[in-house]
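Per-entry structural report
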Amino acid sequence: MQKPIIKLFFVLLIIGLLTQAFASIVDTREAAFTPAQRAWLLDNRQEAKTFYISEIDSAGDQTVPAFNAAYLSYLDHNFDATDKYLKIALSANPKYGPALFLKGLIEYDRHNLRNSFTALQKSIKTHPQSYLPNYYLGKFLYERGKYKDAIEYLKDAISDYKLYTFSYSLLGQLYIDINKLNKAIEILEKGFIYSHDADIIFNLAKAYELSGQTGKAIKYYGLFAYLYEKHPKYESAKAFLNKHHITNYWTNRLEPIPERGDEACFFPVGEDYVYSIYWGPIRVGELNTIIHEKLNYKGIDAYKVQFSMDSNPALEFIASLHSDYITIIDQRTKLTLRHFLHQRENSLIADKVYDYDRENGRFMCRTVHEDGHIDYLEKYLPKNCVDGTSILFYARQVVSEHRSEIVMTTIDETFVLTDMIFDNVKEPVEVRGKTENVYRLSGELHYKGIVGFTGNFWGWFRDDNTHLPVSSDFEIWVGRIKVYMATLEEQREHKYWR
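As a starting point, this report considers the structure included with it. Given the structure is predicted, the values throughout are model-derived calculations rather than measurements.

**Remarks on the overall build of the chain**
Along its length, the chain carries 16 helices and 15 strands. Taking 498 residues into account, the globule formula puts the C-alpha radius of gyration at 23 Å, and the chain, at 24 Å, falls close to it. Considering only contacts in the chain between residues 6 or more positions apart, those separated by 24 or more positions represent 52%. For the chain, the accessible area works out to roughly 22800 Å², and carbon and sulfur atoms hold 52% of it. Between the centroid of the 59 positive side chains of the chain and the centroid of its 65 negative side chains there is a distance of 4 Å.

**Concerning the nonpolar core**
Residues Tyr394 and Met420 are the most contacted members of the largest nonpolar core, which totals 150 residues. Here this core takes nine residues from helix H13 (residues 214–227), the largest share from any one element. The contacts of tyrosine 394, once residues within four sequence positions are left out, are Ile257, Arg260, Thr333, Lys334, Leu335, Val386, Glu405, Val407 and Met420.

**Some details on the state of the cysteines**
Within the structure shown, the criterion is met by zero disulfides. Take cysteine 365: it sits in no disulfide, and the sulfur closest to it among the cysteines is that of cysteine 385, at 13 Å. What makes cysteine 365 buried here is its relative accessible area of 2%. With relative accessibility at 0%, the residue cysteine 385 sits in the buried group.

**As for the packing of aromatic side chains**
For the structure on display, the rule yields 33 aromatic pairs. With a centroid separation of 5.7 Å and 15 degrees between ring planes, the pair formed by tyrosine 74 and phenylalanine 79 is classed as stacked. Overall, the relative accessible area of 16% leaves tyrosine 74 in the buried class. A centroid spacing of 5.4 Å and a plane angle of 70 degrees characterise the contact between tyrosine 356 and phenylalanine 363, whose relative ring orientation is edge-to-face. Accessibility assignment for this pair places tyrosine 356 and phenylalanine 363 in one class, buried. Three or more aromatic residues joined by ring pairs form one cluster here, namely Phe101, Tyr108, Tyr131, Tyr135, Tyr136, Phe140, Tyr161, Tyr164 and Phe166. The ring of phenylalanine 415 has lysine 379 lying over it, and the distance from NZ or CZ to the ring centre is 5.3 Å. Across from the ring centre of tyrosine 226, 4.2 Å away, lies the NZ or CZ of lysine 383, which sits over that ring.

**A closer look at helix H11 (residues 181–194)**
Over its 14 residues, H11 extends 20 Å from the first C-alpha to the last, a length consistent with the 20 Å expected when each residue adds 1.5 Å. Along H11, the residues classified as buried are Leu181, Ala184, Ile185, Ile187, Leu188, Gly191 and Phe192.

**Re helix H9 (residues 147–160)**
Between the first and last C-alpha of H9 there are 20 Å, a value that for 14 residues agrees with the 20 Å anticipated at 1.5 Å per step. Buried within H9 we find Ala150, Ile151, Tyr153, Leu154, Ala157 and Ile158. As for H9, its buried residues are in contact with helix H7 (113–126), helix H8 (131–143), helix H10 (166–177) and H11.

**A look at unusual backbone geometry**
Positive phi values are uncommon outside glycine, yet aspartate 43 reaches one of about 70 degrees. Inspection of the secondary structure assignment puts aspartate 43 in the loop between helix H2 (35–41) and helix H3 (45–58). With a phi close to 65 degrees, lysine 334 is a non-glycine residue in the positive phi region. With respect to the helices and strands, the residue lysine 334 is situated in the loop between strand S4 (322–330) and strand S5 (336–345).

Reading the values: rules and limits
- Residues numbered from 1 in each chain as written.
- Predicted model: local features only at pLDDT ≥ 70, side-chain atom pairs only at ≥ 80, totals over all residues.
- Heavy atoms only, no water.
- Helix = DSSP H or I, 4+ residues; strand = E, 2+ residues; numbered from the N terminus.
- Rg over C-alpha atoms; globule rule 2.2 N^0.38 Å.
- Contact = heavy atoms within 4.5 Å.
- Areas by Shrake-Rupley, 256 points an atom, 1.4 Å probe, with all protein chains shown as cover.
- Lys, Arg positive; Asp, Glu negative; His and termini not counted.
- Charge placed at Lys NZ, Arg CZ, Asp CG, Glu CD.
- Core = buried A, V, L, I, M, F, W, Y, C linked by side-chain atoms within 4.5 Å.
- Buried < 20%, exposed > 50% of the residue type's maximum accessible area, 1.4 Å probe, protein only.
- Disulfide = S-S within 2.5 Å.
- Phe/Tyr/Trp six-rings, centres within 6.5 Å; stacked < 30°, edge-to-face > 60°.
- Lys NZ or Arg CZ within 6 Å of the ring centre and 35° of its normal.
- Expected span 1.5 Å × (residues − 1).

Nothing here speaks to function; it is geometry throughout.
Structure representation (C-alpha cells):
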C-alpha cells in the first residue's frame, strides 16, 4: 500500500506545480485581479462563474457581475441560468449594451427573431464594442436570407472596428452567395491586408476560383493549405490544388522554422534591462524586458518573459502608456504558448490572455474590459505564430542563426507579417558609454503595432551568447522612435514605472 500512496503524492505534487506554473502568468505586480477575473483569464470557467455569482449580492452595482455570470452560463449552454442572471443585469441597468447583446444572442438561439433583433439594435447604441451587435445582426440576417440588410450591418461592423476580421470573411461569403464576385474579392482583399485569417483566405480563393481567375485561386488555396492544416476546409483546398497538380504552394514568403536543438535555449534567467525611449531629443518613456524563469508548460520546456512600456508622466497630455505583456514561449522555437496583455494605452484599457493551441490549430482570447465585463474570441491559428511583443525575444534567435525570416505575428487578435532581415553586418554602437561592435537586424512591420510602431525598423544585438538587444530604431505614425539601453542610473531608478 505504501508505494501507491507515495506515487499518488508525487502525482498530486506535479499537478500542483503545473497549475501554479499556468497561473503565474497573471500573478504579477503589474495587475491585481479579483478571484473571478483571475479564474476567467486562466480559463477556469466554472470557478469564475462561482465567483461572479457570489459577487452579485455584495456588489453596489449588480450589472457587471450578473452579466458575467450570464455570459459564462451561455458559453456553457445553460440557458436557464443565462436567463436568470441576465434578468438581474438588465434590471440593474436596462440599457447595458453587453447584456442587451447577450439577450439578442440567446433569443436568436430560441428562434425568437423579433426579440433578438430588437435587443441587438438597442445594444448597438450602448455597447462599448458596437461592432459585435452589428456583426451578429449581419450574420443572423444573412442566415435568414435578408442579404440587403445584412450587408449594411456588416459594413457598419467594419466601419466600427476594422480589426474585427470576422466581418470581412462573412461579407465576402455573402457576396459570393449572391454572385457579386468582384465585390467579394474587393472586401476579402481588404480583410487580407488586416489579417491572414483562415476564412478570409479560403473565401478569397473561392471567389477567384468562381470568377475564373485560376492562377489567383491557386495562390490563395496554397497559402490556406500551408497555414491551416487543422482547418475543416483543408481537404477541400488540397483537392483543388491536387486537381491542378500544385505541390509548391505560395506562402506569402513564410517558411517553415528550422529544427532547433538545446543550443537554442540560451536565454539567461534573471535578465532584467531597462531601455530609454526617445522621440527626437525627448525621453518619452521606458521599456523593460525581463526573463523571469524556466518552466514546463503543458509538457513543453518554456521561458516566461516580459515586455513592459511606461510613458513619461510629464507627457500625459500627449499620451499615457503603462502596459505590460508577459509571455510563455517555447525554449527552443521561441513560439508563443500563452500571452498575457495588461493594456493601459491612452483610452485602451483591457486585460487579455491569448492561448495558442498549436496541437489543434486554435487561437483563443479571453478579455476583461475596462468596466469589468468579460468577452471571448476564438479563431483558427496559423502555423508558427508569435505574439507582437515577445517577437523581440524571438528576434534574438534569428540573429543567432544568421538568417532572414518572415514571421506571422498576432496584433490585436489579427495575424499579420513581420519581416526580419539579418544584414550580415556588424556596426559600432555606444552602449552605456562604451562602444561595442554588434550585430544589426533590419525589418519591416506590415501593420500598426504597439503605440503606433509601423514600417521599417532596425535593431542592434550584442555579439555574445545572449544576443542581448542594445539599441533599436522604429518608424511610428508620427516620426521615429529610438531606443537605447538605459544608463546604470536610469536602470536603478526605473522612474517611469508606475
